Amino acid sequence: MTKEEEMDFWKNEQDLTAACAGAFDIEGGKLKIKDEQRFRHEIMDKLVWTAVFSDDEHTKNVARWVIWEGAQALGCPSSSIHDLYMARAKDEWKDMTVPAINLRGLTYDTARTIFKTLKKHDATACLFEIAKSEMGYTAQRPAEYVSCVLGAALRENWKAPVFIQGDHFQTSAKKFAENPRAEIDAIKELITESVSAGFYNIDIDTSTLVDLKKPTVMEQQKQNFETAAELSRHVRACQPKGVTISIGGEIGEVGTQNSTPEELAAFMEGYNKAMGSTAPGISKISIQTGTSHGGVPLADGTVAKVALDFGVIDRLGEMARRQFGIGGVVQHGASTLPESAFDNFPKHQAMEVHLATGFQNTILDSMAFPKTIKDNIYKWLDEHCAKDRKPDMTKEQFYYKTRKNVFGPFKKEMWSLTDNTKSALMSELARQFDMLFTKLSIKGSSKTVESFVKPAAVHHQYPVPGKSSAVADVGSDNPNAD
């Protein structure tokens, strides 16, 4: 029996509940954990597999519900990082940069590896995130992503808040120009879906609407801050009782010119005025400092070095805290930077750093990754992504820029890798996480997080057969991810 055949066997709700009898009961629409050890260590792998791959939608939803309620019951609930960030605005902690990690493939196994590494560092200040565009090309809707991360937390005996974030909930400049209301409503639908699934941290990215042709900085930022405020109000309308979702804004597209104090002031003044004083606004602001998403591949497939300006982080971070009372600034596009760069982020008080492509590269470039699958991946890219190959691109550049798209089509194949192969891949990732967590100075952050983050109990209703929530479009003309 293959690993895939072994795992994929809970075909319906009755199979699931019968197989799990004794580990938990469901009484009156509530989960009762009967055997914690069995729940965590014997059935969790199969629950997550069912939550991701079941062909029966109701069975999939039951598995997701069990994982969500299990996390609530066993002390690892999905939570907002808002209060921790607002404490930074008051200088109640410093010298730490929170990693925000995008998981594109092998999500459950990689999340388990992250939790193991965090426990080694006595650290809980870490975000698990996925961008709007990534949801599309990795085939991971919010409810699935939440189940993978919380399932990993349960499997690793995690007993602390779990921070799950929607990254780059981004407006398409092209679609906005054609029909502004339709584009805003599409982002609102995604916010509703994500919050309902358990995303309690949302990064709104309307920086695509900045118009540098306008004569003043305030006019350039106007559409950005007005739309960000409208979407922020929608987040507040969706959030569960007792939860203040952490919201991020963005003043300049990653990969364009570096952000300025004038841009930050224009955005914050306009945003705060548009939000009014009835609800909390953003807790952080993303800025451009010289990086680009995924790095810039050279002709041989290696990544070009960047001139990252830490002075921008210094100036705008201090301004964000002192003048506008938010936690600080966020660095995007950092995972392909050299190791020597990372300890600069806490030194310069960057509050959060986004990391994605480097982990993708570790998986796909590993000697442990099966050559047969890799060959099929490149054949798939040649066939399905040929339109994305520019005339001046080398083969190496083309594969580097497009291979993120394989995580959806090859998801089940990757999840079905042998245990030995997965172990080798996770060992490589663990070394990477260990280095990052050390350099970002999150060691010992458990105590700081516990001081400020007080998770609220949020229970989900038991799934009703035949009833599923609407799914928002996650396509994007500008598929940013780090």
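Quick caveat: nothing in here was measured; it's all calculated off a predicted structure. (Residues numbered from 1 in each chain as written. Predicted model: local features only at pLDDT ≥ 70, side-chain atom pairs only at ≥ 80, totals over all residues. Heavy atoms only, no water.)

Novice: Looking at this structure, I do not really get the environment of serine 259. What am I missing?
Specialist: With respect to the element layout, serine 259 can be found in the loop between strand S8 (246–250) and helix H13 (261–275). Spatially, the C-alpha atoms of serine 259 and leucine 316 are 8.4 Å apart, while their sequence positions differ by 57 residues. Ignoring any residue separated from it by four or fewer positions in sequence, one finds serine 259 in contact with Ile251, Ile287, Gln288, Val312 and Leu316. (Helix = DSSP H or I, 4+ residues; strand = E, 2+ residues; numbered from the N terminus. Contact = heavy atoms within 4.5 Å.)

Novice: What am I meant to see in the environment of alanine 350 here?
Specialist: Relative to the helices and strands, alanine 350 resides in the loop between helix H15 (344–347) and strand S11 (352–355). In the structure, alanine 350 is positioned 195 residues away from arginine 155 in sequence and 31 Å away in space, judged by C-alpha atoms. Non-local contacts of alanine 350, meaning those with residues more than four positions away in its chain, are made with Met96, Thr97, Ile313, Val329 and Phe345.

Novice: What is the right way to read the pattern of salt bridges from this model?
Specialist: Side chains that differ in sign of charge can pair as their charged atoms come close. Tallied over the entire structure, the rule returns 27 salt bridges. Across the pair aspartate 45 and arginine 112 runs a salt bridge whose closest N-O atoms are separated by 4.0 Å. One end of the pair, aspartate 45, is in helix H4 (residues 44–53); the other, arginine 112, is in helix H7 (residues 107–120), and 67 residues separate them in sequence. For arginine 112, a relative accessible area of 16% corresponds to the buried category. Taking the shortest distance from any N to any O, the salt bridge between lysine 188 and glutamate 230 comes out at 2.9 Å. Highlighted residues: lysine 188 in helix H11 (residues 180–197) and glutamate 230 in helix H12 (residues 217–238), separated in sequence by 42 residues. (Salt bridge = Lys/Arg side-chain N within 4 Å of Asp/Glu carboxyl O. Buried < 20%, exposed > 50% of the residue type's maximum accessible area, 1.4 Å probe, protein only.)

Novice: What's the story with the packing of aromatic side chains in this structure? I'm lost.
Specialist: Working definition: an aromatic ring pair is given by the centre-to-centre distance plus the angle between the planes. Evaluation of the coordinates by the stated rule reveals 17 aromatic pairs. Ring centres of tryptophan 68 and tyrosine 200 lie 6.2 Å apart, and the angle between their planes is 90 degrees; this geometry places the pair in the edge-to-face category. Here tryptophan 68 is found in helix H5 (residues 57–73), whereas its partner tyrosine 200 is found in the loop between H11 and strand S7 (201–205), with 132 residues between them in sequence. With a relative accessible area of 1%, tyrosine 200 lands in the buried category. For the pair phenylalanine 433 and phenylalanine 437, a centre-to-centre distance of 6.0 Å together with 15 degrees between the ring planes defines the contact as stacked. Residue phenylalanine 433 and its partner phenylalanine 437 are located together in helix H20 (residues 419–439), separated by four residues, close to a single helical turn. (Phe/Tyr/Trp six-rings, centres within 6.5 Å; stacked < 30°, edge-to-face > 60°.)

Novice: Before we go on, may I ask you to explain the pairing of S11 in this structure?
Specialist: Both faces of the sheet carry side chains from a regular strand, because those side chains alternate between them. Of the two faces of S11, the one carrying Glu352 and His354 and the one carrying Val353 and Leu355 are both buried. Of the pairings in the sheet, the one linking strand S4 (residues 98–102) to S11 comprises four bridges and is parallel in character. Within S11, the residue paired with valine 98 across the bridge is glutamate 352. As judged from the two bridges shared by strand S10 (residues 329–331) and S11, these two strands associate in the parallel manner. (Pairing = 2+ DSSP bridges.)

Novice: Is there a simple way to think about the packing of H12 against H13 in this case?
Specialist: When two helices pack together, their arrangement is given by the angle between the helix axes and by the axis-to-axis distance. For the pair H12 and H13, interaxial distance at closest approach is 8 Å and the crossing angle is 40 degrees. Considered as vectors, H12 and H13 are oriented oblique to each other. When you trace H12 past H13, the crossing you get is right-handed. Contact residues: H12 offers Val217, Met218, Gln221, Asn224, Phe225, Ala228, Ala229, Ser232 and Arg233, while H13 offers Glu262, Glu263, Ala266, Phe267, Glu269, Gly270, Tyr271, Ala274 and Met275. Considered class by class, the residues forming the contact of H12 with H13 number 10 nonpolar, four polar and four charged. (Axes fitted to C-alpha atoms, helices over the stretch in contact; angles between N-to-C directions. Parallel < 35°, antiparallel > 145°, perpendicular 65-115°, else oblique. Left-handed = near helix turned anticlockwise from the far one by under 90°. Nonpolar A, V, L, I, M, F, W, Y, C, P; charged D, E, K, R; others polar.)

Novice: Sorry if this is basic, but what is going on with unusual backbone geometry here?
Specialist: With glycine set apart, most residues show a phi of negative sign, and most peptide bonds adopt trans. For aspartate 91, which is not a glycine, the phi torsion comes out positive at approximately 60 degrees. Examined against the element boundaries, aspartate 91 turns out to sit in the loop between helix H6 (82–89) and S4. Notably, leucine 106 is not glycine yet its phi reads approximately 50 degrees, a positive angle. Mapped onto the elements of the fold, leucine 106 is located in the loop between S4 and H7. Classification of leucine 106 by relative accessible area gives buried; the value is 1%.

Novice: How do you make sense of the environment of tryptophan 380 when you look at a structure like this?
Specialist: Tracing the backbone shows tryptophan 380 in helix H17 (residues 371–384). Put simply, tryptophan 380 and isoleucine 187 are 193 residues apart on the chain and 30 Å apart in space, counted from C-alpha to C-alpha. Each residue touching tryptophan 380, except ones within four places of it in the same chain, is listed here: Cys385, Asn405, Val406, Pro409 and Phe410.

Novice: Is there a simple way to explain helix H16 (residues 357–365) in this structure?
Specialist: For an α-helix, the turn length of 3.6 residues means that residues three or four places apart are oriented alike. Among the nine residues that make up H16, eight are buried, leaving the element largely enclosed by the rest of the structure. Listing the buried residues of H16 in full gives Thr357, Gly358, Phe359, Gln360, Asn361, Thr362, Ile363 and Leu364. Against the buried residues of H16 lie S4, S11, H17, helix H18 (395–402), helix H19 (411–415) and H20.

Novice: Where do I start with the side chain of aspartate 109 in this structure?
Specialist: When you line up the elements, aspartate 109 lands in helix H7. Side-chain polar atoms of aspartate 109 contact the side chain of lysine 422, separated by 3.2 Å. Not counting the four nearest positions on each side in its chain, aspartate 109 is found in contact with Lys422 and Met426. (Polar contact = N/O pair within 3.5 Å; in protein donor to acceptor, adjacent residues only side chain to side chain.)

Novice: Teacher, can you tell me more about the pairing of strand S6 (residues 162–170) here?
Specialist: Summarising burial for S6: nine of the nine residues are buried, a large majority. Note that strand S5 (residues 127–131) and S6 share five bridges and pair parallel. By the bridge assignment for S6, glutamate 129 is matched with glutamine 165. With four bridges connecting them, S6 and S7 associate as parallel partners. Residue glycine 166 lies in a different strand from S7, and its bridge partner there is isoleucine 202.

Novice: Sorry if this is basic, but what is going on with the confidence of the model for the protein here?
Specialist: A low pLDDT means the predicted coordinates there should not be read in detail. Confidence in the prediction for the protein averages 92 pLDDT; 91% of positions are at 70 or higher. Counted against residues more than four places away or in other chains, residues 293–298, with its pLDDT under 50, gives 26 contacts. (pLDDT = per-residue confidence, 0-100.)

Novice: Sorry, what's going on with H13 here?
Specialist: Along its 15 residues, H13 runs 21 Å from first to last C-alpha, staying within 8% of the 21 Å computed at 1.5 Å per residue. Among the residues of H13, Glu263, Leu264, Ala265, Ala266, Phe267, Met268, Gly270, Tyr271 and Met275 are the ones counted as buried. Among the structural elements, H12, S8, strand S9 (284–287) and helix H14 (310–324) are those in contact with the buried residues of H13. Following H13 by one or two positions, glycine 276 has its phi on the positive side, about 75 degrees. (Expected span 1.5 Å × (residues − 1).)

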